Amino acid sequence: MNLTLKIWRQKNASDKGKMVDYSVSDISPDMSFLEMLDVLNEQLIEQGEQPVAFDHDCREGICGMCSLYINGEAHGPDRGVTTCQLHMRMFKDGDTITIEPFRATAFPVIKDLVVDRSAFDRVQHAGGFISVNTSGNTIDANAIPVNKHDADDAFAAATCIGCGACVASCKNSSAMLFVGAKVSQFALLPQGQVEATDRVLNMVKQMDEEGFGNCTNTGACEVECPKGISLENIARMNREYLKAAFKG
Amino acid sequence: MSGILNSSIGRKFAMALSAFFLMIFLLQHFAINILSVFSADAFNEASHFMGTFWAVQYLLQPVLIFGVIFHFVMGFVLEIKNNKARQISYAKNNGAANSSWMSRNMIWSGLAILAFIVLHFIDFWIPEINTKYIVGDMSGMHNGEFRYFHELVEKFHSPLRVGAYVVAFVFLALHLLHGFNSAFQSVGANNKYTKGLKTFSKIYAIGIPAGFIFIALFHHLTGH
Ligand code: HEM
Ligand code: SF4
Ligand code: FES
């Protein structure tokens, strides 16, 4: 297939940046979206131009590094996939594809399509963990009985890969789905109870300080999330937060 | 508990509480207005009671005014904060792919409702307050009979006013089609009852505004 690409180019964090048009030809419909960009970059290097910078690592949908806002949607038009899992067969020969970085004040652009998502790391550091003594007398996690339903929900929440598609898709750049998943993962398990109050208060505080927006419950995040993280996680975080806040 | 309004979740919780309060108020307002379709006397009695009973006037009315103001001021605050959270917008954004128009435009449906509330205040509330507390006439009478029903019918003569009324209630329906269910999610109620709550929200969001429109059209078309 032959395609026209409109790509955001920005030299560095302080550059203003602009959309630039490129064309690529002979793209196989079986290629992944990132492979298509590899083809473009080979072409640019041959022409002596700067290749387009974009994030990627595992290229199999587990690391959450690949980002990209493709034709107005995070990770493009397919559902339940990351950009590395998006196939070119989702597009037609002759299509024009708009490719932008994830946009949010909390995710500043570093270069071209690469954004700084370390705000997520700082939210995670604020409470997304349990403190377990690993000195040798650690109790086996399986020794504590957990309701199957809760275990399943906790596991589903834990599948969040921290990609940031929820923030990118949200009209308010809210990080509630991500933080909701991280809070839920522990709130559902006995091991998470001891630090539950501090966890939710600190993580929400950090989330607000990073400059993410407020949730309007549009549900865009849930639709665009490659891991199908449910809005129920936001409701659970809201409950956990209100419980913790009224406790004082 | 301290500074709950300084947190994103706290603000959403307060927003939802004020919205729930408005939903209850709207239901009560509808219950009285619909009487005007069936019986002028019943409508007069109810209006007189609401207009003169001290607990309504001095307790509920101030709470209501506070609730409305809190709701739209918080709506503006959230809107401004949310716009700040993305300073550079997308060249191409396909919002329709993942969310409803209503959910993405709460501020616009809200502003339309606000415009209506201003009109409504000028139309009904200010004359009411003037008659009762400035002129000092608490009788609710005019030419020997209750004035409320006549005043209502008279307002609905003008096709312009009825038109504005209909448009405003369409916007209210759009606001509530997303908002009512959203408020349940905000207070953390997303569980096995979600499906039922969604249906209930939808019935309310369409039914109540449609009912208000029906009342306006009824008086406009029948002339009484
Ligand atoms: C006076 C003008 C109004 C304005 C400017 C306004 C504005 C808004 C805005 C901007 C939101 C979204 C907040 C968010 O980001 O989550 C909202 C939510 C809502 N509004 Fe309004 N609104 C108004 C009147 C009303 C009225 C009269 C009702 C009901 C009778 C109502 C019911 C709701 C509900 C149920 C929500 C959802 C709350 C939530 O998601 O937690 N609004 N309003
Ligand atoms: S909740 Fe989904 S969209 Fe958001 S960071 Fe996690 S995996 Fe990505
Ligand atoms: S590159 Fe790892 S998820 Fe796409």
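Residues numbered from 1 in each chain as written. Chains lettered and ligands numbered in written order. Predicted model: local features only at pLDDT ≥ 70, side-chain atom pairs only at ≥ 80, totals over all residues. Heavy atoms only, no water.

1. Let's talk about the overall build of chain A
A count of helices and strands for chain A gives 8 helices and 7 strands. Dimensions along the principal axes, computed over C-alpha positions, put chain A at roughly 60 × 40 × 35 Å. Among the 248 residues that make up chain A, the fraction classed as buried is 52%. Pairs at least 24 apart in sequence give 68% of the contacts found in chain A among residues at least 6 apart. In chain A, the 23 positive side-chain charges and the 33 negative ones have mean positions that sit 5 Å from each other. (Helix = DSSP H or I, 4+ residues; strand = E, 2+ residues; numbered from the N terminus. Buried < 20%, exposed > 50% of the residue type's maximum accessible area, 1.4 Å probe, protein only. Contact = heavy atoms within 4.5 Å. Lys, Arg positive; Asp, Glu negative; His and termini not counted. Charge placed at Lys NZ, Arg CZ, Asp CG, Glu CD.)

2. So, the UniProt feature "transmembrane region" (unreviewed entry) in chain B
Residues and elements named next belong to chain B. When the UniProt feature table is mapped onto this chain numbering, "transmembrane region" (unreviewed entry) sits at residues 55-78, 106-126, 162-183 and 203-221. Helix makes up 100% of residues 106-126 and strand makes up 0%, while its end C-alpha atoms are separated by 28 Å. A helix fraction of 100% and a strand fraction of 0% characterise residues 203-221, whose end C-alpha atoms lie 26 Å from each other. (UniProt positions renumbered as here; feature names shortened; annotations may be inferred.)

3. Details of the site of ligand 1
Around ligand 1, a shell composed of 27 residues is seen, among which Lys12, His71, His175, Ser182 and Ser186 of chain B lie nearest. Residues near ligand 1 are shared among chains A and B, making this a multi-chain site. Within the contact set of ligand 1, an oxygen atom lies 2.4 Å away from a side-chain nitrogen or oxygen of serine 182 of chain B. Serine 186 of chain B places a side-chain nitrogen or oxygen 2.8 Å from an oxygen atom of ligand 1. If you list the elements that add at least two residues to the shell around ligand 1, you get α1 (8-38), α3 (54-84), α5 (106-134) and α7 (159-186) of chain B. Class assignment for the residues of the shell around ligand 1 results in 17 nonpolar, 9 polar and 1 charged. (Near = heavy atom within 4 Å. Polar contact = N/O pair within 3.5 Å; in protein donor to acceptor, adjacent residues only side chain to side chain. Nonpolar A, V, L, I, M, F, W, Y, C, P; charged D, E, K, R; others polar.)

4. Structural notes on the nonpolar core
Core analysis: the largest hydrophobic core is formed by 45 residues, its most contacted members being Val179, Phe212 and Met237 of chain A. Only α2 (118-125), α4 (165-169), α5 (176-187), α6 (196-209) and α8 (232-247) of chain A together with α1 of chain B provide two or more residues apiece to this core. The residue makeup of this core includes at least three contributed by each of domain 1 (3-111) and domain 2 (117-247) of chain A. If you look at the next biggest cluster of nonpolar residues, it comprises 35 residues, including Phe146, Ala168, Phe184 and Phe212 of chain B. (Core = buried A, V, L, I, M, F, W, Y, C linked by side-chain atoms within 4.5 Å. Domains from an automatic or database assignment.)

5. Section: α2 of chain A
Residue and element names in this part refer to chain A. Ala119, Phe120 and Val123 are the residues of α2 that are buried. For α2, the buried positions fall inside an angular range of 100 degrees around the axis, keeping them on one side. Turning to α2, the residues buried within the fold contact α4, α5 and α6. (Arc of directions from axis to C-beta.)

6. Considerations on the domain arrangement of chain A
Size of an interface: often given as the accessible area lost when the parts come together. Residue and element names in this part refer to chain A. Looking at the assigned domains, one finds that chain A contains domain 1 (3-111) and domain 2 (117-247). The C-alpha centroid of domain 2 is placed 29 Å from the C-alpha centroid of domain 1. Facing 22 residues of domain 1, the contacting portion of domain 2 comprises 20 residues. When domain 1 packs against domain 2, the two sides together hide about 1,500 Å² of surface, and 57% of this comes from carbon and sulfur. Counting across the domain 1 and domain 2 interface gives 2 salt bridges. (Buried area = accessible area lost by both parts, 1.4 Å probe. Salt bridge = Lys/Arg side-chain N within 4 Å of Asp/Glu carboxyl O.)

7. Points about the confidence of the model for chain B
Residue and element names in this part refer to chain B. The pLDDT averaged across chain B works out to 93; a share of 99% of its residues lies at or above 70. Strand β1 (residues 141-142) is the least confidently modelled element of chain B, averaging 85 in pLDDT, while helix α4 (residues 101-104) averages 98, the highest of any element. This complex was scored by the predictor with a pTM of 0.94 and an ipTM of 0.92. (pLDDT = per-residue confidence, 0-100.)

8. With respect to the site of ligand 2
Close to ligand 2 lie 13 residues, the nearest being Cys160, Cys163, Gly164, Cys166 and Cys225 of chain A. Of all the secondary structure elements, the ones that give two or more residues to the shell around ligand 2 are α4 and α5 of chain A.

9. Thoughts on the side chain of glutamine 185 of chain B
Residue placement: glutamine 185 of chain B occurs in helix α7. Once you skip the residues sitting within four places of it in the chain, glutamine 185 of chain B turns out to touch Asn217, Leu231, Ile234, Ala235 and Asn238 of chain A together with Asn190 of chain B.

10. A word on the packing of α5 of chain A against α8 of chain A
Residue and element names in this part refer to chain A. The N-to-C vectors of α5 and α8 enclose an angle of 70 degrees; their axes lie 8 Å apart at closest approach. Regarding the angle of α5 to α8, the classification is roughly perpendicular. For the element pair α5 and α8, the recorded crossing hand is left-handed. In this structure, α5 uses Met176, Leu177, Val179, Gly180, Ala181, Val183, Ser184 and Ala187 to contact α8, whose residues at the interface are Asn233, Ile234, Arg236, Met237 and Glu240. (Axes fitted to C-alpha atoms, helices over the stretch in contact; angles between N-to-C directions. Parallel < 35°, antiparallel > 145°, perpendicular 65-115°, else oblique. Left-handed = near helix turned anticlockwise from the far one by under 90°.)

11. So, the environment of proline 101 of chain A
Position of proline 101 of chain A relative to the elements: it lies in the loop between β5 (96-100) and β6 (109-111). Sequence-wise, proline 101 of chain A and methionine 65 of chain A are 36 residues apart; in three dimensions their C-alpha atoms are separated by 12 Å. If we skip the residues at most four places from it in the chain, proline 101 of chain A touches Trp8, Tyr69, Val109, Asp112, Leu113 and Val115 of chain A together with Tyr90 of chain B.

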